[in-house]
Amino acid sequence: MIAIYPGSFDPITLGHLDIIERGCKLFERVIVAVLCNPEKSPLFPVQERVEQIRRCTQHLENVEVDSFVGLTVDYAKLRNAKVLLRGLRAVSDFEKELQMAHTNHTLWDEIETVFLATSNEYSFLSSSVVKEIAKFGGSVDHLVPQQVALDICQCYAETPPGATPPIIMNPPTPLNHFQVE
Ligand code: PNS
């Protein structure tokens, strides 16, 4: 059974990695799918996030990392996957996640969302928290994979504490409706 783990991953945290590692034990294949959302101004461009995730999941044989635009269920159909994998941290996540799971089910009645309870040690952790800490010069070494911590450090290095760093753009690449790596 193939599971899609969709998300923004801006950037991937140790909490995300924990879900990926545990998902890999449950599913034949886990496709980590980074949403390309033109509405948001991310810290890292989509392609860089894909590469960051690839680097830190190299030890897992049944992981694929990809990016997509549009509806998650359409991407799942394209990849022949009927499971969406999501991590649940606290009660505060529950409402949004439940709404998303129900919405996705109305869009495609064959899709199921499987939630994994986030490990206790990462129950407070989010990409936003990481960015907030880094923005004010704090260390995020204990919150994200090592290489990602370096990328974040580099990103904020020339930015005064408290200011938002400019986005590092990749050269524009033509996007099909779905960009399969
Ligand atoms: O990491 P995030 O930001 O919590 O992930 C949210 C994500 C990408 C899973 C969600 O926003 C999503 O699936 N977006 C794609 C658009 C879509 O399918 N919307 C309908 C379901 S609400």
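Since this is a predicted model, take the numbers as computed values, not measurements. Each chain carries its own residue numbering, running from 1 in the written order of its sequence. Local features in this predicted model are restricted to residues of pLDDT 70 or higher, and side-chain atom pairs are both shown and tallied only at a pLDDT of 80 or more, whereas totals for entire chains, interfaces and linings draw on every residue. By convention in this description, side-chain values take in all heavy atoms of the structure and omit both hydrogens and water.

By convention, a stacked pair of Phe, Tyr or Trp rings (six-membered ring in the case of Trp) has centres within 6.5 Å and planes under 30 degrees apart, an edge-to-face pair has planes over 60 apart, and any other such pair is tilted. A complete count under the given rule lists 2 aromatic pairs for this structure. Seen in terms of ring centroids, tyrosine 5 and phenylalanine 9 are 5.1 Å apart; in terms of plane orientation they differ by 80°. Their pairing is edge-to-face. Each member of the pair, tyrosine 5 as well as phenylalanine 9, carries the same accessibility label: buried. When the ring of phenylalanine 68 is compared with that of tyrosine 75, the centres are 5.0 Å apart and the planes differ by 25°; the resulting orientation is stacked. The two residues phenylalanine 68 and tyrosine 75 agree in class, both being buried. Accessibility here uses a 1.4 Å probe with only protein chains present; expressed as a share of the type maximum, an area under 20% marks a residue as buried, one over 50% as exposed, and anything in between as partly exposed.

Two strands qualify as a pair provided that DSSP identifies no fewer than 2 bridges between them. Counting from the N terminus, the helices are DSSP H or I runs at least four residues long and the strands are E runs at least two residues long. Spatial strand order, S3-S2-S1-S4-S5: 5 strands in an open sheet with parallel pairing. The open sheet has two edge strands, strand S3 (63-68) and strand S5 (112-117), and neither has a second partner. Within the sheet, the average angular offset between the axes of one strand and its neighbour, ignoring direction, is 30°. Sheet analysis places strand S1 (residues 2-7) next to strand S4 (residues 83-88), joined by 2 bridges and oriented parallel. Looking across to S4, one finds that alanine 3 is bridged to valine 83. Relative to the sheet, helix H2 (residues 46-56) contacts strand S2 (29-35) and S3, its axis offset from that of S2 by approximately 155°. The criterion used for residue contact is that any of the two residues' heavy atoms lie within 4.5 Å. Every angle, taken between N-to-C directions, lies between 0 and 180 degrees, and every axis is a line fitted to C-alpha atoms, over only the stretch in contact when it is a helix. Across the sheet, helix H4 (residues 91-107) touches S4 and S5, and the angle it forms with S4 is around 175°.

This is a description of form; function is not addressed.
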